Amino acid sequence: MKILSSKAHGILDYLLVLFLLASPTLFQMEGNLSIITYALGITHLAITVLTDFELGLLKMIPFRIHGLIEVVVSLGLAGLALWFYNDTGNEFGFYYYIILAAVIMIVFILTDFKSAVRSK
């Protein structure tokens, strides 16, 4: 069931960027947890700005590729949580990235990637 339009997906993307960039301060993250979260926020902002959909600014990345990137990121975050933060005993890092990976995957699953209004 694809209930999210490309515009709704874009709004969620920008909200996710705000959340990622605010998280290190909100949750008092330190070290690599903070650095990875800031890097993820900046990267997600760049991908969203470059995507060819209603809320993209430069429209260079097809919306379907944007979705595939999010799947890869989601799987990468789950792997990071499982194989790094779980092994090092960083319980907050583990749950933060597992939940983030799940949310990104759910948004991917619910998005209608054919709904994007493409630039000409």
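Relevant structure appears above.
Residues numbered from 1 in each chain as written. Predicted model: local features only at pLDDT ≥ 70, side-chain atom pairs only at ≥ 80, totals over all residues. Heavy atoms only, no water.

Participant: Honestly, helix H1 (residues 6-26) in this entry has me stumped. Any pointers?
Facilitator: An α-helix turns once per 3.6 residues; consequently, residues spaced three or four apart project the same way. With 21 residues, H1 extends 29 Å between its outermost C-alpha atoms, agreeing within 8% with the 30 Å of an ideal straight helix rising 1.5 Å per residue. Considered for burial, the residues of H1 that qualify are Ser6, His9, Gly10, Asp13, Leu16, Val17, Leu20, Ser23 and Pro24. In the core, the buried residues of H1 are packed alongside helix H2 (31-50), helix H3 (63-85) and helix H4 (91-110). Backbone geometry just after H1 places Gln28 at a positive phi near 50 degrees. (Helix = DSSP H or I, 4+ residues; strand = E, 2+ residues; numbered from the N terminus. Expected span 1.5 Å × (residues − 1). Buried < 20%, exposed > 50% of the residue type's maximum accessible area, 1.4 Å probe, protein only. Contact = heavy atoms within 4.5 Å.)

Participant: Looking at this model, I keep getting lost on the packing of H3 against H4. Mind explaining?
Facilitator: When two helices pack together, their arrangement is captured by the angle between the axes and the distance separating the axes. The N-to-C vectors of H3 and H4 enclose an angle of 160 degrees; their axes lie 8 Å apart at closest approach. Considering their axes alone, H3 and H4 lie roughly antiparallel with respect to each other. H4 is crossed by H3, and the crossing has left-handed handedness. In terms of residue class, the contact of H3 with H4 is made up of 18 nonpolar, 3 polar and 1 charged. (Axes fitted to C-alpha atoms, helices over the stretch in contact; angles between N-to-C directions. Parallel < 35°, antiparallel > 145°, perpendicular 65-115°, else oblique. Left-handed = near helix turned anticlockwise from the far one by under 90°. Nonpolar A, V, L, I, M, F, W, Y, C, P; charged D, E, K, R; others polar.)

Participant: Mind showing me how you'd approach the nonpolar core here?
Facilitator: A general tendency of soluble globular proteins is for nonpolar side chains to be buried together. The biggest cluster of nonpolar side chains holds 15 residues, and the ones touching the most others in it are Leu20, Leu40, Leu77, Tyr96, Tyr97 and Leu100. Those elements that provide at least two residues to this core are H1, H2, H3 and H4. Per element, the largest residue contribution to this core is 6 residues, and it comes from H4. (Core = buried A, V, L, I, M, F, W, Y, C linked by side-chain atoms within 4.5 Å.)

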